[in-house]
Amino acid sequence: MPLQPTIGLEVHVELKTASKMFCSCRNEFGAPPDSRTCPVCLGLPGSLPVPNRQAVEYVLRTGLALNCQVAERCRFHRKNYFYPDLAKNFQISQYDEPLTHDGYVDLEGDGQPVRIRIRRAHLEEDTGKNLHLPDGRSLVEYNRCGVPLMEIVTEPDFRTPEQVREYLYSLRAILRYLGVSEANMEQGQMRCEPTINWIDPDTGARTPKVEIKNLNSVKSVYEAVKYELARQKRAFEAGEELVQETRRWDEQKLITTPMRRKETADDYMYFPEPDLVPLAPEPEWIEEIRASLPELPKARARRLVEQYGLPEYDAGVLTESRELADYFEALAAVAPDAKMASNWVMGEVMAWLNQNAADITAFPLAPAALGELLGLLASGAINNTTAREVFARMIAERKGAREIVEAEGLAQISDTAELERLVEQAIAANPRAVEDYRGGKEKALGAMVGHVMRATRGQANAALVNELLRKRLG
Ligand code: ZN
Ligand code: MN
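Residues numbered from 1 in each chain as written. Chains lettered and ligands numbered in written order. Predicted model: local features only at pLDDT ≥ 70, side-chain atom pairs only at ≥ 80, totals over all residues. Heavy atoms only, no water.

A. Quick peek at the coordination of the zinc ion (ligand 1). Those protein atoms acting as donors to the zinc ion (ligand 1) are C23 (SG), C25 (SG), C38 (SG) and C41 (SG), and they sit at 2.3 to 2.4 Å. Here the donor residues for the zinc ion (ligand 1) map to a single chain with the spacing C-x1-C-x12-C-x2-C. Of this pair, C23 sits in the loop between β1 (4-14) and α1 (53-65) while C38 sits in the loop between β1 and α1; the two residues are 15 residues apart in sequence, bridging distant segments of the chain. Judged by its relative accessible area of 12%, C23 falls in the buried class. Residue classification places C38 among the buried residues on the basis of a relative accessible area of 19%. (Donors = N, O, S within 2.8 Å, 3.2 Å for Na, K, Ca; no water. Helix = DSSP H or I, 4+ residues; strand = E, 2+ residues; numbered from the N terminus. Buried < 20%, exposed > 50% of the residue type's maximum accessible area, 1.4 Å probe, protein only.)

In structure tokens, the structure reads:
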């Protein structure tokens, strides 16, 4: 049997709570350096931590959404290590008693469904940030120190970089639907560390595990996993020695380079945090949280397919964010046709969002306003070209669709007598096209349709023009 890749993922997620994990400092990005600090998050002697209930709830929400078990009782541990970005010389984390554990996420794969087991989703605190200046000085900034951090660890169930990528997109969407984090990898709100090795299923021989750090986009994770799998396989097959280590992804050269030999749990001398009592979430609270979980992205996509008859592709795009799916459903409720609503959201609306680097919450047209435009289009009052123009003007002028169409006389021309007159003109002006068409060149009709559309500033009913031309030319 060929060598088999095994990949596990550790994901850290900054939780979107109002205050930090063990103190009341505001959890806020972009404040002046060290302005969101206090004796607790600076680790001053004698200060005492108090757990953040909202952070506990967010981990419970996530754990339940990932099909995890909730611990009846669990503890915080101290993970001891010295590094300047964590001034008290230990991180309060969870060790052998995570808050939630043993869940799973199902991936669709490329027609190859796969279940990724979740080992644990636990709670800990973030570190500050070390800044290394070009002049050689290093600074430490503590605003991020003590921000609630959730760690989600999978079993080594991934076999391909594509599965890893799908998992990260899926997880990100779930976290956003749950409202527990912005989960933006580029901004460090979601950080991912894959662990990679190969196993020979016949002999049980395996390459040492390598963990990769410094990955700040889903694309980097995908590229790094792909690179590292190839590197290890090549070395393994050539009989070269590989070591258990942590490697860094080099974004410029697109390679991994050695960073440090991997620490083991022993190196951290974990012991129970003596300043915190165990956590024992009440069953009623857990059930309350379970009942309040929103419909998750995959379930919602399935429902959109069933309820609106949308293609799976549309449902996937529309459920990328909860707000976008909400917008679509509000539009579908007032639009003449759900597929038409989907086409417009995925087309004109998303193009506008891209151009303006905005998300749907900043889109200026309410679903009812866009629905009015789609109604005019579906009824034949305006044609497609005009609808796009009116769409742009609705945004620019903050006016309703009907108002613009009526004021500007943009209504579609479906008056047969008038169109017949224009068709005659088009035929007279395009003798060559007439000849070609009669000679069997179907495409030649386009020149004459174009003539009529130009003469009407794009407002002619194109389908009707086609019909009249065909009839007239026999
Ligand atoms: Zn603080
Ligand atoms: Mn961690």
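From this point on, the discussion continues.
B. Here's a closer look at the nonpolar core. Membership of the largest hydrophobic core comes to 68 residues, with the highest contact counts inside it found for I152, Y167 and L168. Ignoring sequence-local partners within four residues, the contact set of I152 consists of L9, E10, V11, V13, T62, L66, I118, R120, A121, Y167 and L171. By size, the runner-up hydrophobic cluster in this structure holds 38 residues, among which are W352, L373, L374 and M394. (Core = buried A, V, L, I, M, F, W, Y, C linked by side-chain atoms within 4.5 Å. Contact = heavy atoms within 4.5 Å.)

C. Geometry of the domain arrangement of the protein chain. Each assigned domain of the protein chain is listed here: domain 1 (4-286), domain 2 (295-408) and domain 3 (416-473). Counting from both sides, the interface comprises four residues of domain 2 and, opposite them, five residues of domain 3. Between domain 2 and domain 3 lies a buried interface of about 240 Å² when both sides are counted; carbon and sulfur atoms form 27% of it. Across the domain 2-domain 3 interface, the total number found is zero salt bridges. Connecting domain 2 to domain 3 are two residue pairs in polar contact (both at pLDDT 80 or more). When the residues that make up the side of domain 2 that touches domain 3 are grouped by side-chain class, the tally is no nonpolar, three polar and one charged. (Domains from an automatic or database assignment. Buried area = accessible area lost by both parts, 1.4 Å probe. Salt bridge = Lys/Arg side-chain N within 4 Å of Asp/Glu carboxyl O. Polar contact = N/O pair within 3.5 Å; in protein donor to acceptor, adjacent residues only side chain to side chain. Nonpolar A, V, L, I, M, F, W, Y, C, P; charged D, E, K, R; others polar.)

D. Up close: the sheet that holds strand β4 (residues 90-93). Read from one edge of the open sheet, three strands run β4-β3-β14, paired in antiparallel fashion. What marks the edges here is a single partner per strand, and that holds for β4 and β14 (271-272). In the sheet, strand β3 (residues 77-80) pairs with β14 via two bridges, with the strands oriented antiparallel. Within β14, the residue paired with R78 across the bridge is F271. (Pairing = 2+ DSSP bridges.)

E. Molecular detail of the coordination of the manganese ion (ligand 2). Those protein atoms acting as donors to the manganese ion (ligand 2) are H12 (NE2), E124 (OE) and E151 (OE), and they sit at 2.0 to 2.2 Å. Here the donor residues of the manganese ion (ligand 2) are spaced in sequence according to H-x111-E-x26-E. With a gap of 27 residues between them, E124 in strand β6 (residues 114-125) and E151 in strand β9 (residues 148-154) connect regions that are remote in the sequence.

F. Region of interest: the side chain of S342. Mapped onto the elements of the fold, S342 is located in helix α8 (residues 338-355). If we skip the residues at most four places from it in the chain, S342 touches L310, D314, L318 and F328.

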